[in-house]
Amino acid sequence: MAEVTAGLSIGQVAERTGLSVHALRFYEQQGVFVSPIRRGVGGRRSYSEDDVDWLTVCIILRASGMPLPALRRYADLVRAGAGNEEERLALLKEHHGRVTTQLGRLTQCLDLITFKVGVYEDLLDQERYAAGRDRPRPSVGGDVPASRPGTSA
């Protein structure tokens, strides 16, 4: 007799993935799953480990900014099976380019924010030092405050 493995309920999948039950139903409605979601007793959804693994890929692609139509297209290609690998690759390379561009922009943003944080930390350190409340922190450029002309370090 073949062993029957119980599937995961929609609540269990929601808990494991961090998605809401509503989001899981939406993804199913949008055709994002590679395989149809099985139905158990009373029509309740029953997910497999493969469904959860695929969903994890989808979550990462969505979190990286892949639009839903592109995700749906990717799922369609995977569902169709072998023979469309070039199209899958093109779709993923296009998304890779968008993510790389986004990372570049975010790096520029982070650089500016880091600079501004340093400016305000230095300003507050100077105010504390002037008020005698604290000793100055070393400058961002090194472990020792830079010496001023006419003074020794």
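Residues numbered from 1 in each chain as written. Predicted model: local features only at pLDDT ≥ 70, side-chain atom pairs only at ≥ 80, totals over all residues. Heavy atoms only, no water.

**Student:** Would you take a moment to explain the overall build of the chain for this structure?
**Tutor:** Check the secondary structure of the chain and you find five helices and two strands. Counting from the amino terminus, helix and strand elements in the chain follow one another as α-α-β-β-α-α-α. A sequence separation of at least 24 residues applies to 44% of the contacts in the chain between residues at least 6 apart. Accessible area of the chain: about 11200 Å², with a carbon and sulfur share of 57%. (Helix = DSSP H or I, 4+ residues; strand = E, 2+ residues; numbered from the N terminus. Contact = heavy atoms within 4.5 Å. Areas by Shrake-Rupley, 256 points an atom, 1.4 Å probe, with all protein chains shown as cover.)

**Student:** Quick question: what am I supposed to make of helix H2 (residues 21–29) here?
**Tutor:** Working note: α-helix, 3.6 residues per turn, so residues spaced by three or four point in the same direction. Restricting attention to buried positions, one finds in H2 the residues Ala23, Leu24 and Tyr27. In a view along the axis of H2, the buried residues occupy a sector of 100 degrees, so they form one face of it. Opposite the packed face of H2, turned more than 90 degrees from it, sit the exposed residues His22 and Gln29. For H2, the elements touching its buried residues are helix H1 (10–17), helix H3 (49–63) and helix H4 (68–80). Immediately beyond the C-terminal end of H2, within one or two residues, lies Gly31, with a positive phi of roughly 75 degrees. (Buried < 20%, exposed > 50% of the residue type's maximum accessible area, 1.4 Å probe, protein only. Arc of directions from axis to C-beta.)

**Student:** What's the story with H4 in this structure? I'm lost.
**Tutor:** End to end, H4 covers 18 Å across 13 residues, agreeing with the expected 18 Å (1.5 Å per residue, within 8%). The complete set of buried residues in H4 reads Leu68, Ala70, Leu71, Tyr74, Ala75 and Leu77. Note on H4: the residue one or two positions beyond its end, Gly81, has a positive phi of about 90 degrees. (Expected span 1.5 Å × (residues − 1).)

**Student:** What is the right way to read the nonpolar core from this model?
**Tutor:** Soluble globular proteins: nonpolar side chains tend toward being buried together. Membership of the largest hydrophobic core comes to 25 residues, with the highest contact counts inside it found for Leu24 and Tyr47. Sort the elements by how many residues they give to this core and H4 lands first, with six residues. (Core = buried A, V, L, I, M, F, W, Y, C linked by side-chain atoms within 4.5 Å.)

**Student:** How should the packing of H1 against H2 be read in this particular structure?
**Tutor:** For any two helices packed against each other, one specifies the inter-axial angle together with the distance between the axes. It is at 9 Å that the axes of H1 and H2 come closest, and there the two elements cross at 105 degrees. Overall, the two elements H1 and H2 adopt an arrangement that is roughly perpendicular. Residues Ile10, Val13 and Ala14 of H1 form the contact with H2, whose participating residues are Val21, Leu24 and Arg25. Of the residues that constitute the contact of H1 with H2, the class distribution is five nonpolar, no polar and one charged. (Axes fitted to C-alpha atoms, helices over the stretch in contact; angles between N-to-C directions. Parallel < 35°, antiparallel > 145°, perpendicular 65-115°, else oblique. Nonpolar A, V, L, I, M, F, W, Y, C, P; charged D, E, K, R; others polar.)

**Student:** Mind showing me how you'd approach the side chain of Ser48 here?
**Tutor:** With respect to the helices and strands, Ser48 occurs in the loop between strand S2 (45–46) and H3. If sequence neighbours within four positions are ignored, Ser48 has contacts with Leu8 and Arg38.

**Student:** Sorry if this is basic, but what is going on with the confidence of the model for the chain here?
**Tutor:** Any region with low pLDDT has predicted coordinates that should not be read closely. Averaged over all residues, the pLDDT of the chain equals 88, while 83% of them reach at least 70. Here residues 142–153 scores under 50 on pLDDT; set against residues more than four positions off or in separate chains, the count is eight contacts. (pLDDT = per-residue confidence, 0-100.)

**Student:** Is there a simple way to explain the pattern of salt bridges in this structure?
**Tutor:** Pairing between side chains of opposite charge can happen when the charged atoms of each approach one another. On inspection of all chains with the given rule, the structure shows seven salt bridges. Of the charged contacts, one joins Glu94 and Arg98 as a salt bridge, the two residues approaching to 3.0 Å between their closest N and O atoms. Highlighted residues: Glu94 and Arg98, both in helix H5 (residues 85–130), separated by four residues, approximately one helical turn. Judged by relative accessible area, Arg98 falls into the partly exposed class, the value being 33%. Three or more residues joined by partner-sharing salt bridges are found here, namely Glu28, Arg39 and Arg45. (Salt bridge = Lys/Arg side-chain N within 4 Å of Asp/Glu carboxyl O.)

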